[in-house]
Amino acid sequence: MQIGMIGMGRMGANMVRRLLKGGHDCVAFDRNVELSKAVEKEGARATTALKDLAAALKPPRVVWIMVPASVVDYVIADLRPMLQKGDILIDGGNSHYHEDIRRADELKTSGIHYVDVGTSGGVLGFEHGFCLMIGGEKDIVGGLDPIFATLAPGGALNGTPAANGYLHCGPVGAGHFVKMVHNGIEYGLMAAYAEGLNLLAHADAGLEGREADAETAPLSNPKLYQYKLDIAAIAEVWRHGSIISSRLLDLTAAGLAADPTLQSFGGRVSDSGEGRWTIQAAIDVGVPANVLSAALYARFESRGRAEFADKLLSSMRLGFGGHLEKKG
């Protein structure tokens, strides 16, 4: 199939490469011309303007937008005058599903179809394939099956689309809704690995000298915590035959192998929004999401957002018990 791809970042470029490898005709655009030229060398047709991309595609056009969620509306606004009835716009980034519903309604007035695709796979997607969670009209999504099948991992002979790594989840917005929760789960899994390995990293607490004063909780039996563990090796052994093995653990083990003490990181953990949206959805429908909420709040705390609260705790302890804050 012929497809236009807007956004030649790490994922967008790798998706173009995978589509080219699968025999598709790709027209590429990025505001950074050098990024478009990079995929042109591999067989894509590079364009330097959206009007050129639209002109290069045969109607009905299929255009996949792979840009940050904050700029999707700007891209659609610039592209829309060049599109016509029957064309299909795909947003494969991490847009909020609320925005998908609004955009689909707006585009419908011009006869333009809108499909949302939650895309997982990161920088490894070219080699391993992308997991695709798709929302949109059933017949429109069905017509795009060759594209989805090429981008997805595949490998399940005569299997369902889901077994091959892509799924039509439901109407417009469903794809990004499922991907939103996927990312919320990702936060929780990452936090679980981080907390567990952090505990192992402090399993030598009994070997450390501890101050004996009213402000320091004593370690009841230091002999029970005298293990100097190789955290990188533990992460690696867990990858082989363990029930908690996963792609995230693979990445964790690789990171620890390269930097066992994580000296290149400051521990300030960002969040791109999907975790917040997941928690808001849980609140809206009234379901508990304890682990996912805690993982999100831990990221806030890593950025110093709990500093004022911590100072207040020290202030209260001083007030009711005369407890002096110990210096770090």
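Please read these numbers as outputs of a predicted model, since none were measured by experiment. (Residues numbered from 1 in each chain as written. Predicted model: local features only at pLDDT ≥ 70, side-chain atom pairs only at ≥ 80, totals over all residues. Heavy atoms only, no water.)

Draft legend 1. Region of the structure containing helix 4 (residues 72–79). Taken as a whole, helix 4 has its buried residues at Val72, Val75, Ile76 and Leu79. For helix 4, the angular spread of buried residues about the axis comes to 100°, placing them on one side. The exposed set on the far side of helix 4, more than 90 degrees from its buried face, consists of Tyr74 and Ala77. (Buried < 20%, exposed > 50% of the residue type's maximum accessible area, 1.4 Å probe, protein only. Helix = DSSP H or I, 4+ residues; strand = E, 2+ residues; numbered from the N terminus. Arc of directions from axis to C-beta.)

Draft legend 2. View of the nonpolar core. Judged by nonpolar contacts, the single largest core of 30 residues is most densely connected at Trp64, Val115 and Phe148. No other element matches helix 1 (residues 10–21), which puts 5 residues into this core. Setting aside residues up to four positions removed in sequence, phenylalanine 148 forms contacts with Trp64, Val117, Leu132, Ile134, Val141 and Tyr166. Counting residues in each nonpolar core, the second largest holds 20 residues, with Ile6, Leu50, Val63 and Leu83 among its members. (Core = buried A, V, L, I, M, F, W, Y, C linked by side-chain atoms within 4.5 Å. Contact = heavy atoms within 4.5 Å.)

Draft legend 3. Up close: unusual backbone geometry. Put simply, proline 59 and proline 60 share a cis peptide bond, and its omega is -10°. Along the chain, proline 60 falls in the loop between helix 3 (50–56) and strand 4 (62–65).

Draft legend 4. Quick look at the packing of aromatic side chains. Applying the stated criterion to the full structure yields 3 aromatic pairs. Taking the centre distance of 6.2 Å and the plane angle of 70° together, the rings of tryptophan 64 and phenylalanine 148 count as edge-to-face. Placement of tryptophan 64 in strand 4 and of phenylalanine 148 in helix 8 (residues 145–151) is noted, with a sequence separation of 84 residues between them. Phenylalanine 148 shares its class with tryptophan 64; the two are buried. (Phe/Tyr/Trp six-rings, centres within 6.5 Å; stacked < 30°, edge-to-face > 60°.)

Draft legend 5. Up close: a nonpolar patch on the surface. A contiguous nonpolar surface patch, about 590 Å² in accessible area, is contributed by Phe308, Leu312, Leu313, Met316 and Phe320. Examined against the element boundaries, phenylalanine 320 turns out to sit in helix 14 (residues 307–321). Phenylalanine 320 gets classed as exposed once you look at its relative accessible area, which sits at 63%. (Patch = residues over 30% accessible without salt bridge, like charges linked within 9 Å, V, L, I, M, F, W, Y side chains within 5 Å. Areas by Shrake-Rupley, 256 points an atom, 1.4 Å probe, with all protein chains shown as cover. Salt bridge = Lys/Arg side-chain N within 4 Å of Asp/Glu carboxyl O.)

Draft legend 6. Fine view of the packing of helix 9 (residues 174–201) against helix 11 (residues 247–258). It is the contact of helix 9 with helix 11, at a shortest axis distance of 11 Å, that shows an interaxial angle of 45°. Comparing their axes, helix 11 and helix 9 come out oblique. In this structure, the crossing between helix 9 and helix 11 has a hand that is right-handed. Two secondary-structure elements touch here, helix 9 through Glu186, Leu189, Met190, Tyr193 and Leu197 and helix 11 through Leu248, Leu249, Thr252 and Leu256. A class-by-class count of the residues in the contact of helix 9 with helix 11 yields 7 nonpolar, 1 polar and 1 charged. (Axes fitted to C-alpha atoms, helices over the stretch in contact; angles between N-to-C directions. Parallel < 35°, antiparallel > 145°, perpendicular 65-115°, else oblique. Left-handed = near helix turned anticlockwise from the far one by under 90°. Nonpolar A, V, L, I, M, F, W, Y, C, P; charged D, E, K, R; others polar.)

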